Each structure stands twice: as C-alpha cells, then as structure tokens.
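Residues per chain are reported as follows:
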Amino acid sequence: MSDAPAPRTAFLENGLKILVQEVHTAPLASVWCWYKVGSRDEMPGRTGVSHWVEHMNFKGTTNIPREKVKGIIEEFGGSWNGYTWIDQTTYLETATRDALDRMLFIEAERMSNGLYDPAECESEQTVIISELQGGENDPEQLLEIEVNAAAFKAHPYGHPTIGWLGDLQRMTRDDLYGHYRRYYVPNNATLVIVGDVDPDEAIARVRHHFGAAVPGIVPVRTLSAEPAQLGERRVAVRKEGTTAYLKVAYHAPAATDEDFFPMLVADAVLTGAKGLNLWSSFRTPPPQRSARLYRTLVEGRLASAVSGSLMPTADPYLYTISVTAREGTSREALERAAFAELDRMAREGITAEELEKARNQLRARLVFENDSVTNIAHQLGYFETIASADLFLSIGDRIRRVARERVAEAAARVLRPTNRTVGWFEPVPADGGDDEGEASAGPAAGVRGRP
Amino acid sequence: MTTDAQLGLSPVRHRFENGATVIAKPSHVAPAVAVSVSARAGSAADPPGFDGASHFLASVIDRGTESRSGDELAELLDSRGVSLTVSAMRHTFVVSCICLTEDFSTILALVADVIRNPSLPEADIATRRGEIVTAIRQDQDNPAMVAVEEQLAQLYPGGHPYGRRVKGTLETVGRIDRRILRGVHDARFTPAGLVVVAVGDVEPARVVEETGQVFGDWRGDPVVPIAVPSPPPVTGRRQSVYPMMNKSQADIAYGFNTIARRDPAYYAFSLMNNALGQYAMGGRLGDNIRERQGMAYYVFSAFEPNLGEGPLVIRAGVNPANVDRTIAAIDNEVRRMADRGLTAEELAASKRYLIGSMPRMLETNAGIAAFLLSCEQFGLGTDHDTRLPALLGAVTLDEANALARRFLVPERATVTIAGPYAQRGA
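Numbering of residues begins from 1 in every chain and follows the order in which that chain's sequence is written. Think of it this way: whatever chain is written first is A, whatever ligand is written first is 1, and the rest follow in order. Side-chain atom pairs in this predicted model are given and counted only at pLDDT of 80 or more, local residue features only at pLDDT of at least 70, and totals for whole chains, interfaces and linings cover all residues.

1. A closer look at the overall build of chain A
- Helix and strand definitions here come from DSSP, where helices need a minimum of 4 consecutive H or I residues and strands a minimum of 2 consecutive E residues; each element is numbered from the N-terminal end. Secondary structure summary: chain A contains 16 helices and 11 strands in total.
- A compact globule built from 451 residues should have a C-alpha radius of gyration of about 22 Å, and chain A, at 23 Å, falls within 12% of that.
- When the backbone C-alpha atoms are referred to their principal axes, chain A occupies close to 65 × 50 × 45 Å.
- Looking at chain A residue by residue over its 451 residues, the buried ones come to 55%.
- Think of it this way: build a C-beta for each residue from its backbone, and any pair within 7 Å is a contact. Within chain A, contacts between residues at least 6 apart in sequence are counted, and of these 80% link residues at least 24 apart. The globule rule is 2.2 Å times the number of residues to the power 0.38, and the radius of gyration it is compared with is taken over C-alpha atoms. Burial is judged by counting other C-beta atoms within 10 Å of a residue's own C-beta: 20 or more means buried, 12 or fewer means exposed, and anything between counts as partly exposed, with every C-beta placed from the backbone.

2. Some details on the interface of chain A and chain B
- Across the boundary between the two partners, chain A contributes 58 residues, which contact 59 residues of chain B.
- Counting only elements with at least two residues in the side of chain A that touches chain B, the list comes to strand 5 (89-96), helix 4 (118-136), strand 7 (233-240) and helix 12 (352-368) of chain A.
- Looking at which element gives the most residues to the side of chain A that touches chain B, the answer is helix 4 of chain A, with 9 residues.
- When residues are grouped by polarity, Ala, Val, Leu, Ile, Met, Phe, Trp, Tyr, Cys and Pro land in nonpolar, Asp, Glu, Lys and Arg in charged, and all others, Gly among them, in polar. Across the side of chain A that touches chain B, the residue classes break down as 13 nonpolar, 26 polar and 19 charged.

3. Topic: the sheet that holds strand 1 (residues 8-11) of chain A
All names here are of chain A.
- Strand pairing requires that DSSP identify at least two bridges connecting the strands. Taken in spatial order, the 6 strands line up as 1-2-6-3-5-4 in an open sheet, and their pairing is mixed. At either end of the open sheet lies a strand with only one pairing partner, and these are strand 1 and strand 4 (79-84). Going from strand to strand, the sheet's axes swing by 15° on average, the running direction of each strand aside.
- Of the strand pairs in this sheet, strand 4 and strand 5 are connected by 6 bridges, and their pairing is antiparallel. Within the sheet, the bridge partner assigned to Ser-79 lies in strand 5 and is Thr-94. Whenever a helix is involved, its axis is fitted only over the stretch in contact; in every case the axis is a line through C-alpha atoms, and angles between N-to-C directions fall within 0 to 180 degrees.

4. Here's the deal with the confidence of the model for chain B
- Of all residues in chain B, 97% have pLDDT values of 70 or greater, and the mean over the chain is 95.
- Confidence estimates for the predicted assembly give a pTM of 0.94 and an ipTM of 0.93. Every residue is assigned a pLDDT by the predictor, reflecting its confidence on a scale from 0 to 100.

5. So, helix 13 (residues 373-386) of chain A
- The terminal C-alpha atoms of helix 13 of chain A lie 20 Å apart, and with 14 residues this matches the ideal 20 Å at 1.5 Å per residue to within 8%.
- With 14 of its 14 residues buried, helix 13 of chain A lies for the most part within the structure. Working rule for helices: expected span equals 1.5 Å times residues minus one.

6. Looking at the sheet that holds strand 8 (residues 250-257) of chain B
Residues and elements named next belong to chain B.
- The sheet built from 5 strands is open, its strands ordered 7-11-8-10-9 with mixed pairing. Strands with a single pairing partner mark the edges of an open sheet, and in this sheet they are strand 7 (238-243) and strand 9 (296-303). In this sheet, neighbouring strand axes are inclined to one another by 10° on average, regardless of whether the strands run parallel or antiparallel.
- Here 6 bridges tie strand 7 to strand 11 (residues 414-419), and the two strands are oriented parallel to one another. Looking at the pairing, Arg-238 lines up with Thr-414 of strand 11.
- Its contacts with the sheet put helix 11 (residues 279-292) on strand 9 and strand 10 (311-318), and the angle it makes with strand 9 is roughly 160°.

7. Brief notes about the domain arrangement of chain B
All names here are of chain B.
- Just so you know, the domain bounds were taken from an automatic or database domain assignment. Here the domain parsing of chain B yields domain 1 (10-215) and domain 2 (238-419).
- Listed by contribution, the elements that provide at least two residues to the side of domain 1 that touches domain 2 are strand 2 (21-26), strand 3 (32-39), helix 6 (143-155) and strand 6 (195-200).
- Looking at which element gives the most residues to the side of domain 1 that touches domain 2, the answer is helix 6, with 10 residues.
- Per-class residue counts for the side of domain 1 that touches domain 2 are 18 nonpolar, 9 polar and 4 charged.

8. Some remarks on the domain arrangement of chain A
All names here are of chain A.
- As far as domains go, chain A holds domain 1 (8-210) and domain 2 (233-428).
- The centre of domain 1, based on its C-alpha atoms, is set 27 Å off from the matching centre of domain 2.
- Every contact between the two is made by 31 residues of domain 1 and, on the other side, 29 residues of domain 2.
- Broken down by secondary-structure element, the contributors of at least two residues to the side of domain 1 that touches domain 2 are strand 2 (17-22), strand 3 (28-35), strand 5, helix 5 (139-151) and strand 6 (189-195).
- Considering each element in turn, the side of domain 1 that touches domain 2 owes the most residues, 10 residues, to helix 5.
- Residue classes in the side of domain 1 that touches domain 2 are distributed as 17 nonpolar, 9 polar and 5 charged.

Quick look at the structure:
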C-alpha cells in the first residue's frame with residue numbers, strides 16, 4: 001500500500017502552521033482550522049468550557065455580524081461544522097473551490113474576532129444543556145461517562161467533553177471569553193486545506209487573511225500522568241430502561257506509543273477493523289463476522305452487538321469494548337465470556353492468519369476513510385493536533401510492520417484485569433422497584449411497555 | 001481543469017434480457033469500488049400479519065448461501081476488509097458495500113450469491129431473532145424513535161405500509177419463521193426490478209460483463225407492484241404524549257403527509273422545506289427555536305417523499321419544561337410559512353444551496369452510487385444530475401408558496417411527544 005502523499009507545509013510569522021494538499025478529483029475544497037485545546041485543558045469547575053466556546057464561535061464576529069452568519073457558506077453549496085474532543089477543537093467548511101477565500105475569511109474571523117455577546121452566551125447555555133440531556137437519553141452515553149470518570153482519577157481525560165451540568169450552569173461569559181482568547185491564537189492552530197486548489201495561491205490567501213492575527217502565550221499543557229491502575233474498578237448505572245449494556249475500558253497507549261499500532265491490530269482481531277478517522281469511520285460498519293468477540297458474544301447468543309474503540313490520542317486514553325446484552329442474557333455469563341476472550345488475547349496473542357487478515361482490513365479501511373477532500377483534511381489536521389501529520393502519512397507503513405510478537409506483548413500489557421474498568425448499565429423496572437440481585441439483562445416483570 | 005462533476009456523471013446503463021439493470025460509473029479517486037444491489041422488496045411488501053419480515057430477511061440473507069456457509073462468507077468478506085450493509089427500506093432491499101478494486105469481481109459474485117441463493121439457516125434465524133427483539137426493546141427506550149414511529153403510525157393508519165414499523169413488533173417478529181422469510185424472498189427477489197450500481201475504480205464495460213455473468217442467467221417473473229394507497233385525510237389536529245419519565249429530554253415530532261417523489265411539485269416542495277427547516281442548521285425553525293430562543297440542540301424538518309405520498313416531519317429535542325413553548329414556536333413558523341410564504345431571497349438562497357451542494361453530494365463513490373440508485377428507483381434517468389439544477393432553478397415563488405398554503409396547516413398537524421413530559425390537562 002502506498003502511503004498518503006505529503007502535504008505542502010508552511011508557517012506564517014505569527015506561528016500559524018499551514019498544510020495544503022492538492023486533490024483534483026472534484027471542484028471542491030475543504031478547510032479545517034484546528035486548535036490544540038480540548039476538554040483535557042479544563043480545570044475543575046470549568047469543565048465543558050472548550051465545547052461551549054466552540055458553540056459561541058458560530059455566533060458572529062466583528063466582520064461577520066450575527067445576521068450574516070446564516071448563508072455565508074451555504075451560498076456556495078457548502079457545509080460547515082465543528083467539534084470538540086479531549087485533545088482538540090476544530091472547525092470546517094467544505095464547498096466549491098471558488099469559496100476558498102470565503103472559507104479562509106470565516107476561519108480568520110473565528111480565530112480573532114468572536115463577539116461573545118452576553119445574551120448569546122446565555123441563550124447558548126440552554127442549547128448545550130439540551131445537548132447534554134439528549135445524550136443522557138441514551139443509556140450507552142450515560143454509561144460511558146461513568147466508566148471514563150472511574151478510569152481516570154488524575155488525568156483530565158476523565159471528565160466528559162460536554163462538561164458537568166453544575167459547571168455549565170455556573171460558567172460566565174467572562175469564563176468563555178477568557179478561554180477563547182487564551183487558546184485561539186495562530187501559534188496554537190493548524191490550518192488545513194485539501195482540494196482543487198493551487199498550493200502557492202492558497203498559502204498566499206492564508207497569509208492575506210491570517211497574517212495580522214496576533215500570537216499569544218499558549219498555556220503549557222499541564223500533564224497529570226495517570227497513575228498505573230492497580231486493580232479492576234467497577235461502576236454501575238441503575239436506571240429505568242429496557243436493555244443492559246456492558247463497557248470494559250482498559251488504559252491504552254497514546255498514538256505515538258510503540259504499542260498503539262499492535263493494539264490496533266489486536267482490536268481488529270477482537271472486533272473488526274474500524275480505521276482511524278473519527279470523522280468518517282463510524283459510517284461504515286467494521287468487517288467483524290469472524291472477529292473473536294463477535295463470534296463468542298453475538299454468534300454465541302449472549303449479545304446483540306459488540307464493538308471496540310481505540311482512538312489515536314495525545315496522551316494514553318482508553319481501549320473500550322462496548323456490548324449490548326441480548327434480551328434475557330445473564331449478565332454474569334456475558335461478562336465471563338467477554339473476559340475469557342480478552343484474557344486469551346492477553347495470554348496468547350494472535351495467529352499468523354489473524355495478523356494477515358487484520359492487516360488487510362486496516363489497509364482497506366485506510367482507503368475507504370480517505371475518499372473525500374473533507375476526510376483527508378480531517379486526518380491531516382487531527383494527527384497534527386495529537387502528534388504530527390507525519391504520523392498520519394506513515395500509518396500504512398506502521399501497520400505493515402506490526403509483528404505478531406508485538407501484538408502479543410502489547411495485548412499482555414494492556415488487557416490486564418487490573419488495568420480495566422468495568423461498567424454496566426442495569427435497566428431497572430419502570431415501577432421503581434429494585435432488582436438488586438437480579439442478574440438477567442432482560443426486562444424484569446413490571447416494565448411498562450408502550451401502547 | 002476538467003472534472004467529472006462539470007461533465008455530468010454520464011454513467012453507463014444496461015438492461016439485461018431478464019430485466020436486471022446495471023449502472024456503472026468509473027471514478028479513479030481511490031483504488032476502491034462502491035457496490036449497491038437493490039431488489040424490489042422492502043417493508044411495504046411484508047406479508048399481512050408479519051410486519052418486519054423484510055427487515056428480518058435483511059439480517060439473515062447474508063448468513064449462508066446454497067454453496068457457501070455463513071463462516072465461509074464471513075471469511076471471504078472479513079479477509080478483504082469488506083462489510084455488507086443490508087437494509088430493508090419501504091420499497092427497496094439494498095445490499096451495499098465498498099471494496100478494494102482488486103476484490104471487485106469476488107465481492108460482486110458474492111453479493112449476487114447472497115441475493116439469489118440465501119440458505120436462511122434455522123440457527124441463524126434464531127440468533128437474529130434475538131438481536132431484533134433486543135433492537136425493538138432498545139427502540140422502545142428511545143424517545144426520538146418512539147415519537148417518530150408513533151407519528152408515522154398516526155399519519156398512515158389502518159395498516160398503511162408507511163405506518164408500520166420496519167422492524168415489526170415483538171409479536172410479529174416472534175411469528176416470522178423460515179417459511180415466511182423464504183416466501184418473501186421467492187416473491188420479491190427476481191431479476192426484473194433488480195438494480196446493480198457500481199461506482200469506482202473499475203471500467204463500465206467490465207462491470208456490465210461481470211454483472212451479466214453473475215445475474216444474467218437468473219430467471220423469474222416480474223414482482224407484483226406494491227400498492228401504496230393515499231393515506232386518509234387528516235381533518236383535525238392531534239396531539240399524543242408517550243410518557244418516558246426515565247429520560248432527561250423530550251422529543252417532539254410534528255408532521256403532515258405530503259406528496260410522492262414523482263409528483264411534479266417535488267422540487268418546489270424541497271425548496272420550501274429547505275427554507276422551513278434545513279437551510280443553515282434548521283432554516284426558519286432553527287433560527288427561532290435554537291438560535292433566538294435557545295431551546296433545542298436540534299430542530300429541523302425532514303421531507304421524505306417516496307413511491308407513495310411521504311411525510312414531512314418536524315423534529316426537536318428539548319427540555320421537558322420547553323415542550324409547550326417549542327410546539328407553539330413550530331406552530332408560529334408553520335403558520336407564517338403558510339400565510340406569508342417564502343421570500344424571494346429565501347427561495348434564491350435555497351436554490352443556490354441545493355444546486356451548489358451537488359459536487360459535495362456526488363464527491364464520493366458511495367455518494368454517487370446512492371444518487372444513481374435513487375434515480376433508477378424513481379425513474380429519473382441517468383442524466384438527472386445534469387437536469388436537477390434547471391429543475392430547481394425553474395421553481396417559482398408562487399409554486400413553493402402554494403404548497404406551503406396547501407400542506408402546512410397547524411390545525412391539521414399531528415404532534416407526538418415522547419419523554420419526561422405530562423400533557424397539561426391530560
């Protein structure tokens with residue numbers, strides 16, 4: 001497999017890093033502006049500030065007044081969006097190539113001239129709380145928040161990106177604006193342009209729009225290294241519901257750790273290869289019919305779904321197995337079967353045939369997940385933010401070089417019982433009864449059905 | 001620079017003697033091919049009393065064929081990084097995937113085998129039944145799903161194919177057995193009406209030839225068209241609440257039945273809907289409910305015409321304390337659109353957006369394949385991408401506003417609410 005071509009790299013004097021890649025398959029361009037700030041950079045009491053700031057950065061700037069935001073990119077047929085996660089915040093526009101200047105103008109405005117109107121800050125608070133409560137409607141999201149919080153006791157990866165409700169209710173406009181000014185400076189950003197563009201011209205236009213942006217003193221990321229976990233941790237969410245869910249999270253290697261790619265192969269063998277694109281990979285289900293956990297849990301009639309997640313991150317994050325218990329399944333039996341497979345991986349590693357299959361899967365996924373200017377631009381910026389764009393460019397080679405022994409060694413280090421946090425969503429009957437001791441994943445008698 | 005998008009897609013379309021159609025579009029963006037195969041099956045054709053049969057068939061059709069075991073299929077797919085997505089929609093049953101170019105022949109033959117010769121193993125039927133039961137139970141705990149399913153059940157009552165749940169119910173799924181699944185396959189999977197679409201790094205001549213090799217000798221009678229009656233007219237406003245007090249947020253669905261996809265008014269309706277509830281994060285609804293009042297993380301309107309008259313459903317997720325205010329705001333926007341219509345600027349903006357977004361929509365192999373399949377399903381022609389800008393461009397303000405007056409009547413809205421909400425006075 002040939003690895004992705006290297007993008008053109010440039011810097012402005014103010015520290016802004018620019019990555020430009022020509023792709024001429026469609027008359028489109030995708031612009032992403034990445035900031036090295038995410039929920040890991042938030043102090044207690046200010047959780048969720050990065051995400052709220054992201055929302056505010058769609059609410060108008062000095063030169064794009066609030067009423068002009070609507071339609072500013074749509075008139076080019078374009079789409080725009082943004083997201084915040086643990087290591088990063090990013091904004092994107094994808095539109096026809098003639099909109100390149102407009103896209104750069106929007107991002108330059110967003111970097112320096114956000115309005116942060118107090119009334120808009122207040123109005124957005126309820127939107128974000130609505131987003132949080134919408135997530136709470138999903139038992140799996142509730143469980144994930146509990147598991148992550150239990151897995152991390154020192155590192156800020158433990159709190160949810162959307163923040164804790166109490167913090168969202170107390171945060172002020174000044175908190176938001178202070179965060180914005182601290183982190184939204186050119187020397188903390190990477191601008192990525194991919195598409196039907198001329199690199200020289202694109203860089204010149206970036207200079208035009210961003211050249212006057214004033215650099216700042218970027219706060220040094222304080223690292224609270226997560227202490228080694230010394231024993232299994234357990235959490236349970238007990239709430240009215242219909243279905244039981246299991247999550248098992250292991251502390252996992254960071255993207256630059258030598259164990260990362262071997263663990264990616266181990267995950268492919270356990271649950272099928274997902275690829276590495278946070279923006280697009282989830283849109284195509286993994287090839288997992290012959291994966292070990294799928295065969296044991298789903299074909300074994302214990303679960304209706306199983307998935308694995310190992311995302312590339314700046315610091316060590318989590319390798320998480322998520323399981324939807326099948327109606328009527330014993331929770332103990334499901335857990336026992338899942339741990340048997342995970343322990344076997346830690347003990348025995350993988351076979352040569354499994355290594356070959358995992359490599360093939362990952363090779364195919366890398367092709368599939370880089371099929372648009374938007375997806376390519378995402379990957380360049382994402383990896384630049386957590387490590388370097390070079391890491392993205394070398395993924396194919398790194399996967400090719402993974403040896404069986406390295407998978408076994410990495411799995412033995414990661415998939416230890418003492419390194420895991422186990423979480424259950426235990427559905428409680430609708431009448432408020434307590435099914436303590438009830439170990440079936442199915443609905444207890446008395447669950448109220450809908451008409 | 002010349003691009004495919006400027007020239008139009010210009011796919012190759014070929015119909016075989018047995019009635020099967022293949023559509024091929026080369027694209028060399030990546031060494032990959034998107035493949036979709038569609039049969040004229042779907043939940044609208046579920047046998048009476050067996051709602052969910054097509055969905056059930058979708059879960060089991062690729063678990064073994066007459067010549068390959070489920071394990072063999074799994075190995076063939078997994079070793080190439082391919083996962084089949086099998087979907088039963090209202091009128092179509094689609095098997096789709098993306099594969100590397102080097103695997104195209106193998107995967108096309110495998111998909112053909114799955115479509116033509118599924119063995120429907122009893123053991124897999126039992127396994128998949130448990131998964132479907134779990135999925136239905138998950139849906140019952142999902143306010144968004146409850147609000148929408150109840151909305152459709154009310155808009156399309158009396159066993160109408162668009163009102164039935166695609167997954168079926170716990171009761172009907174419990175009744176579906178191998179005989180029923182085999183019956184659905186025998187009745188609905190025939191070469192006449194089959195559509196194969198391949199977009200990617202493979203030449204059309206090869207696609208046509210290889211499709212002929214794997215489907216050309218298939219024989220069968222044309223399928224019986226699925227009758228889709230007009231839903232009964234809605235004469236008054238309806239509002240139903242489905243309390244789910246274990247949840248944090250309430251989901252609102254607010255809808256009307258509308259027109260069929262082939263209705264000439266489709267393009268005007270699309271533009272009107274875009275301005276109402278889509279343009280720039282939710283159109284007028286987003287401006288009011290999310291941007292000005294800060295009540296919802298999501299609010300939008302979805303217009304889903306089909307072979308029959310489909311719905312327009314406005315959706316919002318809100319704090320239970322804001323349910324009444326949100327419904328009042330939706331009423332206001334719907335009434336304002338009906339009474340005063342779109343402005344010329346709004347219509348022009350939506351036209352620019354929908355026309356301008358076509359290169360994005362048609363950028364990836366999978367995006368092109370989905371577009372071409374839809375064109376074939378609705379008989380729009382292989383040149384629809386080149387005609388679409390003119391069709392949208394020709395829509396007049398009067399046409400769009402007449403549709404708003406005719407369909408957007410709050411007094412005839414169907415409102416369903418699921419979540420931690422108790423209706424006042426109820």
